[in-house]
Structure formats: C-alpha cells, structure tokens
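So the chains spell out like this:
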Amino acid sequence: MSAVELRTPLKRARGLGSAKDGTHHFIIERLTALALVPLSLWAIYLALSLMHADYAGARAVVHQPFNAICLAAFVLALFWHMQLGLQVVIEDYVHLRWLEITSQIGVKFACFAGALASVLAIVRIALG
Amino acid sequence: MTPSARPLSPHLQVYRFQLTMALSIIHRITGVGLSLGSVLLVALLLSLAAGPEAYRVVHDFCASWFGMLLLFGWSWALCYHMCNGIRHLAWDIGWGFEIPRVYLSGWLAVGASLLLTALIWGCVLARGGAA
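Let me begin by describing the structure that accompanies this report.

Describing the interface of chain A and chain B
Then step 1. Listed by partner, the interface residues are 35 residues for chain A and 29 residues for chain B.
Then step 2. For the pair chain A and chain B, the summed buried surface comes to about 2700 Å²; carbon and sulfur atoms form 73% of the total.
Then step 3. Counting across the interface, chain A meets chain B through two salt bridges.
Then step 4. For Asp-92 of chain B, the salt bridge is made with Arg-30 of chain A, and the minimal N-O distance between the two is 2.7 Å.
Then step 5. For the side of chain A that touches chain B, the secondary structure elements donating two or more residues are α2 (22-49), α3 (55-63), α4 (65-93) and α5 (97-127) of chain A.
Then step 6. With twelve residues, α4 of chain A is the largest single contributor of residues to the side of chain A that touches chain B.

This is the structure:
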C-alpha cells in the first residue's frame, strides 16, 4: 500500500466542493438590484438637473445632505452589484484558471476602489 | 476532472434564435458595459471634489460628441438592465414563468427601456442639449 492510498476519500474531497456562499451571493445580488431601481432613477434625475449647472451649482447640489446620502447609497449598491455580476460573468466564460483567479481579484479590487473613491469624493463635497 | 463522452447541452451554433436568449445575452452585455461606464461616474465625482479645473475637463468630455455617444449608449444600457432586471426580480418571486408571459414581459422590458431612454434624451433636448 502506498502512502497516497492511506489518505481517506474525505481528505481528497475536502476543499473541492461548493464554497457554501452561493445563496448569500444570490440574495445580495437581488437586494442590491432592488435598491438600485429607485436609486438609478433618482441618479438619472440628478444628472439631468445638473446638466446646465456650473461647478459651484453642481457642488452645491451634491453638498445637500439628502443628495449626498442618496448618491453614496447609489455608488455603494452599484459597485457591490457590479462585483457580484462580473464575478458570475468571469466564472462562466474565463476557463484559464490563473486568468480566472487574477480577474476575480482584479474585479474585487477595482470595485472596492471605485466605491471607496466615490464615497470619499461625496464626503469631501458634503462636508466641504 | 476527466472529460467524458456524455452528450452536451446545445451549443450556440445549433441553438435556434429566440427572444429570451437574446434578452439574456443583452442583459449580460449591458451589465459589463455599465461596469465600464462607472469609471466615468467615479471621474465625475472625483473631479467635483477636486475643483473647477478638473470638473471642466470631465464636463467637456461628456459634452463632446464622443462623450454624448457614450452617455447615450450607457443611458439605454442602464434603462434596459433595470427593466430586464425587474423582470428577473419578478421571476425570483415566482411570477411570470408561463411562456406567453415570458415573451410579453420581454417585449415590455425592451419597450420600456426605449421609452425611458427617449424620455431622458427628450429632457436633454428640451433643455437645449449639452454644454
């Protein structure tokens, strides 16, 4: 009997199954989608209202607490939803293992950076 | 995993074109496109926080013909992804799985996305266009 065969089937199966967080992914994707319906409509309205505003006017609008809070909620839901969605696209179409892993990490980092940069910008405007 | 000789599900080449598959593919494409578009959103917010010079650069890019083209595409992509997303949310609570309803809601999502996009750009034109 070789050493390899002494390992139990459980030892070989461990770590190869489901990560057990698929349902959580599904629920968060739907919750962020639900939040994004009104927030996106509101963001479109805000963008249209800012079309002819100059710098000071645009800044004054984002400075208002209600707008700042809604805008922050919008970007947070947006980047969270984006990460979850792109994750599924990569899982489905990228079959080179190293490329899949690096793009998953890249997407997570990019979405986090996008959310962080947006929220910090909003906070600077809201408090400035 | 060793590859097996089991039959595979139909490949795209032999799959008859249907509205449902097209809408599903477009949902993914618009999702990826909107993700790319979020770069402009971040740029806009950062420039608004940074100062008038930076804001002018982003604003002028948005008001250029290329910027307007991108904004037009993204506005439709957002409307479509939202309308079809609501369709998906309805399915998630078990509504509308009958084939006639799947087609009806599909056409509704397409129509609503076009209507919303027309409304948005109607507002833009009514207020004197860009710049």
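Examining unusual backbone geometry
Then step 1. Even without a glycine there, the phi angle at Lys-20 of chain A is positive, about 65°.
Then step 2. Position of Lys-20 of chain A relative to the elements: it lies in the loop between α1 (9-13) and α2.

Some words on the packing of helix α1 (residues 19-50) of chain B against helix α3 (residues 65-92) of chain B
All names here are of chain B.
Then step 1. Where α1 meets α3, the axes come as close as 8 Å, and the angle between the chain directions of the two elements is 130°. Considering their axes alone, α1 and α3 lie oblique with respect to each other. When the axes of α1 and α3 are compared, the crossing they make is left-handed. Here Thr-20, Leu-23, Ile-26, His-27, Thr-30, Gly-31, Gly-33, Leu-34, Leu-36, Gly-37 and Leu-40 of α1 come into contact with α3, specifically with Leu-71, Trp-74, Trp-76, Ala-77, Leu-78, Tyr-80, His-81, Asn-84, Gly-85, Arg-87 and His-88.
Then step 2. Here the contact of α1 with α3 is built from residues that sort into eleven nonpolar, ten polar and one charged.

Analysis parameters
Residues numbered from 1 in each chain as written. Chains lettered and ligands numbered in written order. Predicted model: local features only at pLDDT ≥ 70, side-chain atom pairs only at ≥ 80, totals over all residues. Heavy atoms only, no water. Contact = heavy atoms within 4.5 Å. Buried area = accessible area lost by both parts, 1.4 Å probe. Salt bridge = Lys/Arg side-chain N within 4 Å of Asp/Glu carboxyl O. Helix = DSSP H or I, 4+ residues; strand = E, 2+ residues; numbered from the N terminus. Axes fitted to C-alpha atoms, helices over the stretch in contact; angles between N-to-C directions. Parallel < 35°, antiparallel > 145°, perpendicular 65-115°, else oblique. Left-handed = near helix turned anticlockwise from the far one by under 90°. Nonpolar A, V, L, I, M, F, W, Y, C, P; charged D, E, K, R; others polar.

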